[in-house]
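Residue-level listing of the chains:
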Amino acid sequence: VGEYAFSGSKLKYIEIPANVTNIEPAAFADCMYLNQIEVADANPVYEDRGLNAVLLKGGDSILVGCNATTIDKTIKSIGSHAFEGCGLKNFDIPKNVIKIEEYAFANSKSLTYIKISTKIEVIEAHAFANCDELYIAFDYFWSFDVPEGFSKDWNSSNCRTNI
């Protein structure tokens, strides 16, 4: 499935069949109505683990998420473009997630609040690009220095934060 293949579509449900063995980043970007994701059990590369998301088999990163994605204790990162342009309104990133990749939540115009835990180590460039109404709440306060693992452009939209 190519980059931006279904971008902007009004899909509500997707099932990744067994014969799909490559999904490019942002393949489902801007799918604001997407509420359910399933991966065929026979798929040799991907799985959903009942999380309403696409993951590599045995992996710990969400590759494609939707409005109903849940994050369990096995997830360590949110992949590049995973929730780009989705219809999320509020989202809590649990403590087991330590990395947010580039453009992970970019263009999510309906996203107004996201909580990030103390365990986050890396936030890549433009992770929250064009999320103009977003408030990012960290469950701790830093000094005025951005943590070492954060890209200097992690908050390229200058979303409001509690830093």
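Each residue is numbered by its place in its chain's sequence as written, counting from 1. The predicted nature of this model means local features are confined to residues of pLDDT at least 70 and side-chain atom pairs, given and counted, to a pLDDT of 80 or more, with totals for whole chains, interfaces and linings taken over all residues. Each side-chain value is derived from all of the structure's non-hydrogen atoms; neither hydrogens nor water enter the calculation.

Explain the overall build of the protein to me, please; I cannot follow it from the model alone.
When you go through the protein residue by residue, the secondary structure sums to zero helices and 12 strands. Secondary structure elements follow DSSP: runs of H or I of four or more residues count as helices, runs of E of two or more count as strands, with numbering from the N terminus. In the protein, the succession of helices and strands from N to C terminus is β-β-β-β-β-β-β-β-β-β-β-β. Expected size for 163 residues packed as a compact globule is a radius of gyration near 15 Å; at 15 Å, the protein falls within 12% of this value. Expressed along its principal axes, the backbone C-alpha trace of the protein runs to roughly 50 × 30 × 20 Å. Each residue's exposure class comes from its accessible area (1.4 Å probe, protein chains only) as a fraction of the maximum for that residue type: buried when under 20%, exposed when over 50%, partly exposed otherwise. The 163 residues of the protein split such that 45% are buried. Each radius of gyration is computed over the set of C-alpha atoms, and the globule rule expresses the reference value as 2.2 Å times the number of residues to the power 0.38.

How should the pairing of strand S5 (residues 61-64) be read in this particular structure?
The side chains of a regular strand alternate between both faces of the sheet. Only strands that DSSP links by at least two bridges are regarded as paired with each other. Of the pairings in the sheet, the one linking strand S4 (residues 54-56) to S5 comprises two bridges and is antiparallel in character. Residue Leu 55 lies in a different strand from S5, and its bridge partner there is Ile 62. Hairpin connection between S4 and S5: a loop of four residues separates the two successive antiparallel strands, and Gly 58 in this loop has a positive phi of roughly 70°. Pairing of S5 with strand S6 (residues 77-78), which is carried by two bridges, proceeds in the parallel orientation. Looking across to S6, one finds that Ile 62 is bridged to Ile 78.

Honestly, the nonpolar core in this entry has me stumped. Any pointers?
A general feature of soluble globular proteins is that nonpolar side chains tend to end up buried together. In this structure, Ile 78, Phe 91, Ile 100, Phe 105, Ile 123 and Phe 128 are the most contacted members of the largest nonpolar core, which totals 31 residues. The term nonpolar core refers to a set of buried residues drawn from Ala, Val, Leu, Ile, Met, Phe, Trp, Tyr and Cys, joined through side-chain atoms within 4.5 Å. Ranked by size, the runner-up nonpolar core spans 14 residues in total, among them Val 20, Ala 27, Phe 28 and Val 64.

Honestly, the pattern of salt bridges in this entry has me stumped. Any pointers?
Pairs can form between side chains of opposite charge once their charged atoms are near each other. Salt bridges are counted wherever a side-chain nitrogen of Lys or Arg sits within 4 Å of a carboxyl oxygen of Asp or Glu. Under the criterion given, the structure shown has three salt bridges. Put simply, Arg 49 and Glu 47 hold a salt bridge, and the shortest N to O gap is 3.0 Å. Classification of Glu 47 by relative accessible area gives buried; the value is 19%.

Which parts of the structure should I look at to understand the packing of aromatic side chains?
Pairs of aromatic rings are described using the distance from one ring centre to the other and the angle between the two planes. Only rings of Phe, Tyr and Trp enter the pairing, Trp through its six-membered ring, and a pair is recorded when the two centres are within 6.5 Å. The plane angle decides the type: under 30 degrees is stacked, over 60 is edge-to-face, the rest tilted. Enumeration over the complete set of coordinates arrives at seven aromatic pairs. A centroid spacing of 5.2 Å and a plane angle of 55° characterise the contact between Phe 83 and Phe 91, whose relative ring orientation is tilted. The exposure classification of Phe 83 matches that of Phe 91, with both residues buried. Ring centres 6.2 Å apart and planes at 20° place the aromatic pair Tyr 113 and Tyr 135 in the stacked group. Here Tyr 113, found in strand S9 (residues 113-116), pairs with Tyr 135, found in strand S11 (residues 135-138); they are 22 residues apart in sequence, far enough to count as distant. Classification of Tyr 135 by relative accessible area gives partly exposed; the value is 28%. Taken together through their ring pairs, the aromatic side chains of Phe 83, Phe 91, Phe 105 and Phe 128 make up a single cluster.

Before we go on, may I ask you to explain the state of the cysteines in this structure?
Structurally, a disulfide amounts to a covalent bond that connects the sulfur atoms of two cysteines. A pair of sulfur atoms, both from cysteines and within 2.5 Å, is called a disulfide here. One pass over the structure, following the stated rule, counts zero disulfides. Distance from the sulfur of Cys 66, which forms no disulfide, to the nearest cysteine sulfur (Cys 86) is 8.3 Å.

I'm lost on the sheet that holds strand S10 (residues 122-123) in this one. Help?
Strands in a sheet are paired, the pairing made by backbone hydrogen bonds, and the direction either parallel or antiparallel. An order of S3-S4-S5-S6-S8-S10 is seen for the six strands of this open sheet, with the pairing classed as mixed. Sheet topology places strand S3 (46-47) and S10 at the edges, where each strand pairs with a single neighbour. With two bridges joining them, strand S8 (residues 99-100) and S10 adopt parallel strand pairing. Bridged to Ile 100 within S10 is Ile 123.

When you look at the environment of Phe 128 in this model, what are you seeing that I'm missing?
Along the polypeptide, Phe 128 turns up in the loop between S10 and S11. Measuring from C-alpha to C-alpha, the distance between Phe 128 and Ala 104 comes to 6.9 Å, with 24 residues separating the pair along the chain.

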